[in-house]
Amino acid sequence: GVKERTFIAVKPDGVQRKRVGEIVQRFEKKGFKLVGFKLLKASKDLLREHYWEHRNRPFYNRLVTYMSSGPVVAMVWQGQDVVKTGRDMMGKTNPIDSMPGTFRGDFCVEMGRNVIHGSDSVESAQREISLWFKESELCDREVCSNNWIYD
Ligand code: DAT
Ligand code: MG
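Reading the values: rules and limits
- Residues numbered from 1 in each chain as written.
- Chains lettered and ligands numbered in written order.
- Predicted model: local features only at pLDDT ≥ 70, side-chain atom pairs only at ≥ 80, totals over all residues.
- Heavy atoms only, no water.
- Near = heavy atom within 4 Å.
- Polar contact = N/O pair within 3.5 Å; in protein donor to acceptor, adjacent residues only side chain to side chain.
- Areas by Shrake-Rupley, 256 points an atom, 1.4 Å probe, with all protein chains shown as cover.
- 1 Å grid on protein atoms, 1.4 Å probe; cavity = no way out; pocket = protein on both sides within 12 Å on 5 of 7 lines; lining within 4 Å.
- Sits in = over half its atoms within 2 Å of the grid points.
- Salt bridge = Lys/Arg side-chain N within 4 Å of Asp/Glu carboxyl O.
- Helix = DSSP H or I, 4+ residues; strand = E, 2+ residues; numbered from the N terminus.
- UniProt positions renumbered as here; feature names shortened; annotations may be inferred.
- Buried < 20%, exposed > 50% of the residue type's maximum accessible area, 1.4 Å probe, protein only.
- Contact = heavy atoms within 4.5 Å.
- Points joined across faces, edges and corners; volume = space filled by probe spheres on them.
- Nonpolar A, V, L, I, M, F, W, Y, C, P; charged D, E, K, R; others polar.

Let's shift gears to the site of ligand 1. In the vicinity of ligand 1, the contacting residues are Lys11, Tyr51, His54, Phe59, Leu63, Arg87, Thr93, Arg104, Met111 and Asn114. Here an oxygen atom of ligand 1 and a side-chain polar atom of Lys11 are 3.0 Å apart. Within the side chain of Arg87, one N or O atom sits 2.8 Å away from an oxygen atom of ligand 1. For ligand 1, the protein covers 77% of the area, taking 510 Å² as the surface of the free molecule. For ligand 1, the cavity whose grid points lie within 2 Å of the majority of its atoms is the largest pocket.

Under the definition given, this model contains seven salt bridges. The salt bridge involving Arg26 is made with Glu22; its shortest N-O contact spans 3.1 Å. With a gap of four residues between them, Arg26 and Glu22 both fall in helix α2 (residues 20-30), about one helical turn apart. A salt bridge links Asp88 to Lys84, with the nearest nitrogen and oxygen atoms 2.6 Å apart. Taken as a pair, Asp88 and Lys84 lie in helix α5 (residues 82-90) at a separation of four residues, close to a single helical turn.

Once that is clear, we can look at the UniProt feature "binding site: ATP" (unreviewed entry) in the protein chain. Following the UniProt record, the feature "binding site: ATP" (unreviewed entry) maps to Lys11, Phe59, Arg87, Thr93, Arg104 and Asn114 here. Checked against the lining of the largest pocket, the annotated residues reduce to Lys11, Phe59, Arg87, Thr93, Arg104 and Asn114. Here Lys11 shows up in the loop between β1 (5-10) and α1 (12-16). For Lys11, a relative accessible area of 4% corresponds to the buried category. Relative to the helices and strands, Arg104 resides in helix α6 (residues 103-107). Assessed through its relative accessible area of 5%, Arg104 is described here as buried. Once residues lying within four places of it in the same chain are set aside, the contact partners of Arg104 are Lys11, Met90, Gly91, Lys92, Thr93, Pro95, Ser98, Asn114 and Ile116.

Turning our attention to the UniProt feature "active site" (unreviewed entry) in the protein chain. UniProt tags His117 as "active site" (unreviewed entry). Within the secondary structure, His117 sits in strand β4 (residues 116-118). Among all residues touching His117, those that are not within four sequence positions of it are Phe7, Ile8, Ala9, Lys11, His50, Tyr51, Met90 and Glu128.

Computed from the structure, the largest pocket encloses a volume of approximately 640 Å³. In terms of lining, the largest pocket is formed by 28 residues, of which the most central are Lys11, Phe59, Leu63, Met111 and Asn114. Every element with two or more residues in the lining of the largest pocket is listed here: α1, α4 (60-67), α5 and β4. The greatest single-element share of the lining of the largest pocket, amounting to four residues, is contributed by α4. When the residues that make up the lining of the largest pocket are grouped by side-chain class, the tally is seven nonpolar, 10 polar and 11 charged. Lining the second largest pocket we find Arg87, Asp88, Gly91, Lys92, Thr93, Asp97, Ser98, Met99, Thr102 and Arg104.

Below you can see the structure in the form of structure tokens.
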């Protein structure tokens, strides 16, 4: 429903390459509501937990090192079907498979520098949001444009 949330992060390469503004802008333009936002240098402990599902994959340590190499912008976006739509806006894991018009299709060429993270299901979104944000850091609110976004 309208209260669905996803966790989106602009990865260190995306921050360095100044893609934060355009990523935020595309989520805003689509009609989603920003309910959490912060710039932080994530600890390796946080990132190991975040990517726990990949702990036995050969790329796990490189991934954690890359993700901790600079600040990331961590965000929570809310709205109808925001998890799936956010994934569609991102493109595929490997930029070579990503369509133009998606963040990964437009902004990067390698899987190991793929600019953006987005939760892959409602359940992982809930897990990731509670890992990265305190409840008090999230600000839901009435948005006056709601009647122009939802039927
Ligand atoms: P996604 O970020 O699209 O959800 P994922 O959860 O499968 O993809 O993997 C997390 C990140 O790990 C991904 O953004 C890039 C990296 N990665 C995934 N598969 C990889 C591989 N085979 N080799 C190198 N890096 C990989
Ligand atoms: Mg994933």
